[in-house]
Amino acid sequence: MKGKHKVVIKNNRLHYEFEIKRNITIIKGDSATGKTTLINMIRQFTNLGNSSGIELVCDVPCRVLEGIDWQIILHNISGSIIFIDEENAFIKTEQFAKAVRESDNYFVLITRENLYNLPYSVEEIYGLHSSGKYQNTKRLYQQIYRIYPQIEASKLPIKSERIVVEDSNSGYDFFRAVCAENNILCNSAGGKTKLFSVIQTMEEEVCVIADGAAFGPEMEKLYSLAEQKKNVKMYLPESFEWMILNAGVVQEKEIMEILKEPEKYIESQKYFSWERFFTNLLIEKTDGTYMKYQKSKLNPVYLHEKNKRMILSSARGIL
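Note that residues are indexed from 1 along each chain, following the sequence as it is written. Residue-level local features of this predicted model are given only where pLDDT is at least 70; pairs of side-chain atoms are given and counted only at 80 or more, and the full residue set underlies all totals for whole chains, interfaces and linings. Side-chain measures here rest on the full set of heavy atoms in the structure, leaving out hydrogens and waters.

**Q** Where do I start with the overall build of the protein chain in this structure?
**A** The numbering of helices and of strands both runs from the N terminus, where a helix is a DSSP run of H or I of at least 4 residues and a strand a run of E of at least 2. Looking only at helices and strands, the protein chain features 10 helices and 13 strands. Computation of the radius of gyration draws on C-alpha atoms alone. For the globule rule, the value is 2.2 Å times the number of residues to the power 0.38. Against the 2.2 N^0.38 benchmark of 20 Å for 319 residues, the protein chain shows a C-alpha radius of gyration of 21 Å, consistent with a compact globule. Seen through its C-alpha atoms, the protein chain measures out along the principal axes to roughly 65 × 45 × 40 Å. Expressed as a percentage of its 319 residues, the buried residues of the protein chain come to 53%. To be clear on the numbers: accessible area is Shrake-Rupley with a 1.4 Å probe, and residue cover counts the displayed protein chains and nothing else. Accessible surface for the protein chain amounts to roughly 15000 Å². Of this, 47% is attributable to carbon and sulfur atoms. By the counting rule applied here, Lys and Arg register as positive and Asp and Glu as negative, while His and the ends of each chain are not counted. Every charge is mapped to an atom, namely NZ of Lys, CZ of Arg, CG of Asp or CD of Glu. Mean positive and mean negative side-chain charge positions of the protein chain (42 and 41 charges, respectively) differ by 3 Å. Remark: exposure states derive from per-residue accessible area (1.4 Å probe, protein chains only) relative to the maximum for the residue type, with buried under 20%, exposed over 50%, and partly exposed in between.

Below, the structure written as structure tokens:
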């Protein structure tokens, strides 16, 4: 499944409206914000259709997944948006993560917890609020809002004293070389799960660079730390490979078209996260050329002055 899908769910009292464009979307929020009501309305419509008094409009089927037989049920669902409430403990299991990885469905997970088995995007973590659009009628208009909207945009450009990169692959090779030229310290955290512990005691001006496409589970802790310690800033592009593609280093018209609306090209069953898609795209487009890309070790051509400047300009002022 791929593409962007608009979902409208309403009755005579409530109206939900939102768009889903990735395989995993998270809706968070406290009690009494309408999350469980949303699930109940979808369930009622699925069971009773129009006689439920609910109208559900979407170009693909919407379903609720729940209960101990969830694996059997999911096995028989295809090309749908599947909603799951947090009361279903299976969403925290590795078995569920494996099922999502192999599925051609989109999943909307309504939970207050961070799901560390799933690589969801920082851009697809939402809350629910009432907009008041129908304030003169009895209908309440519910919309989702991005909890971490463009978080780096308000804090960049910055002058970092240290950069901490999520992992130790090509992205780290690139930033380590650039930092060395600018007398800036550079560290690898050795994985996204270790970032918090690595930076929480640092006192200098720190910029954290991580793959936003899969960083969602770690975001709450890191965001809270950044709010408490004003020295911590974040730059969370989709991935380092996305940065190279977005910079135009590899000049091909198709790449720019893909980057405008990636959801049209990314098949959820093939790519567990968008980071994997951008990695494969860059590898494919540079295969057999002097710009051949491999994730494990950076091709020195990307450190040539012109290419380096282009990639850094795509990074929106972190150096």
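Having put the structure on the table, let's press on.
**Q** Sorry, what's going on with the layout of surface pockets here?
**A** Once rolled over the atoms, a probe with the size of a water molecule shows which space is left empty. For each structure, a 1 Å grid was placed over the protein atoms alone; sets of points admitting a 1.4 Å probe that cannot get out are labelled cavities, open sets with protein on both sides within 12 Å along at least five of seven lines are labelled pockets, and lining residues have an atom within 4 Å of a point. Grid points are joined across faces, edges and corners, and a volume is the space filled by probe spheres set on the points. Taken as a whole, the second largest pocket spans an internal volume of roughly 230 Å³. Lining the second largest pocket, in full, are Gln71, Leu74, His75, Ile77, Gln95, Lys98, Ala99, Glu102, Ser103, Asp104, Asn105 and Gln269. At the level of elements, helix H2 (70-75) and helix H3 (94-102) are the ones that each hand at least two residues to the lining of the second largest pocket. Take the lining of the second largest pocket: its biggest share by element is four residues, from H3.

**Q** How should empty space enclosed by the protein be read in this particular structure?
**A** By the definition in use, this model includes four cavities of 30 Å³ or more. Computed from the structure, the largest cavity encloses a volume of approximately 140 Å³. Taken together, 18 residues line the largest cavity, and the ones lying closest to its centre are Val165, Asp167, Gly171, Asp211 and Phe240. Breaking the lining of the largest cavity down by element, the ones donating at least two residues are helix H4 (170-181) and helix H7 (240-247). Here the term charged refers only to Asp, Glu, Lys and Arg, the term nonpolar to Ala, Val, Leu, Ile, Met, Phe, Trp, Tyr, Cys and Pro, and the term polar to all other amino acids, Gly among them. Here the lining of the largest cavity is built from residues that sort into nine nonpolar, four polar and five charged.

**Q** In this structure, what is going on with the nonpolar core? I would like to understand it.
**A** Soluble globular proteins tend to bury their nonpolar side chains together. To form a nonpolar core, buried Ala, Val, Leu, Ile, Met, Phe, Trp, Tyr and Cys residues must be joined to one another through side-chain atoms within 4.5 Å. Counting residues in hydrophobic clusters, the biggest one holds 40 residues, and the most contacted among them are Phe175, Phe240, Tyr302 and Ile311. The set of elements that each furnish at least two residues to this core consists of strand S10 (162-165), H4, strand S12 (206-209), H7, helix H8 (253-260), helix H9 (274-286) and helix H10 (305-314). The dominant element in this core, judged by the number of residues it contributes, is H7, at six residues. Membership of the second largest hydrophobic core comes to 39 residues, among which are Ile24, Ala97, Phe107 and Val232.

**Q** How should the sheet that holds S12 be read in this particular structure?
**A** Where strands meet in a sheet, backbone hydrogen bonds hold them as pairs that are either parallel or antiparallel. Strand order in the open sheet made by the four strands is S11-S10-S12-S13, with parallel pairing throughout. Looking at which strands have only one partner, the edges of the open sheet turn out to be strand S11 (185-188) and strand S13 (232-235). Averaged over all pairs of adjacent strands, the angle between strand axes in this sheet comes to 20°, irrespective of strand direction. Alignment of S10 against S11, held across four bridges, turns out to be parallel. Within S11, the position partnered with valine 164 by the bridge is asparagine 187. Any two residues having at least one pair of non-hydrogen atoms within 4.5 Å are treated as being in contact. The angle between two axes is taken between their N-to-C directions and runs from 0 to 180 degrees, where each axis is a line fitted to C-alpha atoms and a helix contributes only its stretch in contact. In the packing of H4 onto the sheet, the strands contacted are S10, S11 and S12, and the crossing angle to S11 comes to about 165°. One requirement defines pairing of two strands: DSSP has to find at least two bridges between them.

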